[in-house]
Amino acid sequence: MNESAESEMKLYLSLLLFVILLNISIVLATVVLHEAGHFTVGNYFECDDIKIVLYDADTSSTYTQMSCSPDTPLLLLALGCFLFVVPFAMAFLILKDNPMRHFAWVILGFNLLIGFGDIELLTKTSIIPFITGIIGLFLIVVGESLLINKYLLLIEKRL
Amino acid sequence: MLFEETFSFPASIILMVSIIAILFSWRLYSFIRIPKSLYSLPSVIVLGPRTSGKTTLVKELAPNINFSFSHATKKLGYSIYSDGKKKVQFVDPEKFSLGKLNRENVEEFKKLNYKSLIYLFNISPGSEPIEKQIRGFKKTMRLFGRVNLIPVATKLDREDKRKLKKLKQMVKNIRKISLHRKDGLVSLRNSVFASIE
């Protein structure tokens, strides 16, 4: 590999690392906001013992736990996962020419994907959550593709 | 009540990193995959206004092998034609550069080993005004400098006589082809081959 090809490759690898680090931050933020949505709605309906567990080593899972009275609307508790995530995602769309605006699709898609259990709780079937999961995955792939393309475009201009 | 997520937090990170790695590798692969021949083979770039038939002409001139290559910044269709002795690459830059032809994207074209430029004029009634097309041609001449530029009037089967007359007055050595009737294509290809050593 000649010198210029090597430096190009380094540039691409550093871009890959950058995109991965950005994504880890966004995933972390989305998971926290997703759970915070459940937490806030639960708190609003005066549920007790509300806990956000980012990682439970016993069950290898992430969840929000709460004890609510039977008349608490399950629909709103489950939909709480969108409460902060949607505005968070929409905020990225304000970044007009910034490649990071495509994180909006990634965040929405990721939220749908991890919200499989919430939607299953609501619909009591697995078909609808499965479909939303597929839509979520699709949004993630589209968002990431656009993001990577935009960053590659910036690198291309530099080369 | 438990609102459990589909994936645990670490699993989500692993999932997302995997998706990025796959997408990124694929995009990078498509970049590296640009055949070396793209920049080394003698090339003929086909330029012209929208709907002048650039893509169709490239397919007609080199019907056997068609490639398309897409990259973050550019999309390009090209076809290689061989007469058994020489190979020529016809490049359709319709999607090559974002936006219109300017100094910056002409530099991209100049990376190609181009020997000739074919400039298409659409002389059908509904096309862009011929004066505008001639301005585009002159701009191309300025941007590319000294190059074997072949002006070609297309859509001869639906020609606007006024446009053709004006074109003949303003541009010398204009060739006429009809992609629909496939008139003048062989002679155009032969003259392109003749321009390549």
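S.K.: With reference to specific residues and values, describe the overall build of chain B.
M.R.: Assigned secondary structure in chain B consists of seven helices and eight strands. The buried share of chain B, reckoned over its 197 residues, is 29%. Long-range contacts, defined as pairs at least 24 residues apart, comprise 67% of the intrachain contacts of chain B with a sequence gap of at least 6.

S.K.: A description of the interface of chain A and chain B should follow, citing residues and the corresponding values.
M.R.: In this assembly, 35 residues from chain A lie in contact with 22 residues from chain B. At the level of elements, α1 (3-44), β1 (48-56), β2 (61-67), α4 (103-114), α5 (116-123) and α6 (127-158) of chain A are the ones that each hand at least two residues to the side of chain A that touches chain B. Here the residues of the side of chain A that touches chain B sort into 21 nonpolar, 11 polar and three charged.

S.K.: Quick rundown of the sheet that holds β1(A)? Include the residues and the values.
M.R.: Strand order across the open sheet formed by three strands is β1(A)-β2(A)-β1(B), with antiparallel pairing between neighbours. Among the strands making up the open sheet, the edge pair consists of β1 of chain A together with β1 (2-4) of chain B. Averaged over all pairs of adjacent strands, the angle between their axes in this sheet comes to 10°, without regard to strand direction.

S.K.: Tell me about unusual backbone geometry, and name the residues and values.
M.R.: The backbone of A:S60 shows a phi angle near 50°, a positive value even though the residue is not glycine. Within the secondary structure, A:S60 sits in the loop between β1 and β2. Unlike most non-glycine residues, B:K155 shows phi in positive territory, near 60°. Structurally, the position occupied by B:K155 is in the loop between β7 (148-154) and α6 (161-170). On the basis of neighbour count, B:K155 is assigned to the buried category, with 24 C-beta atoms found within 10 Å.

Conventions adopted
- Residues numbered from 1 in each chain as written.
- Chains lettered and ligands numbered in written order.
- Predicted model: local features only at pLDDT ≥ 70, side-chain atom pairs only at ≥ 80, totals over all residues.
- Helix = DSSP H or I, 4+ residues; strand = E, 2+ residues; numbered from the N terminus.
- Buried ≥ 20, exposed ≤ 12 C-beta atoms within 10 Å, placed from the backbone.
- Contact = placed C-beta atoms within 7 Å.
- Nonpolar A, V, L, I, M, F, W, Y, C, P; charged D, E, K, R; others polar.
- Pairing = 2+ DSSP bridges.
- Axes fitted to C-alpha atoms, helices over the stretch in contact; angles between N-to-C directions.

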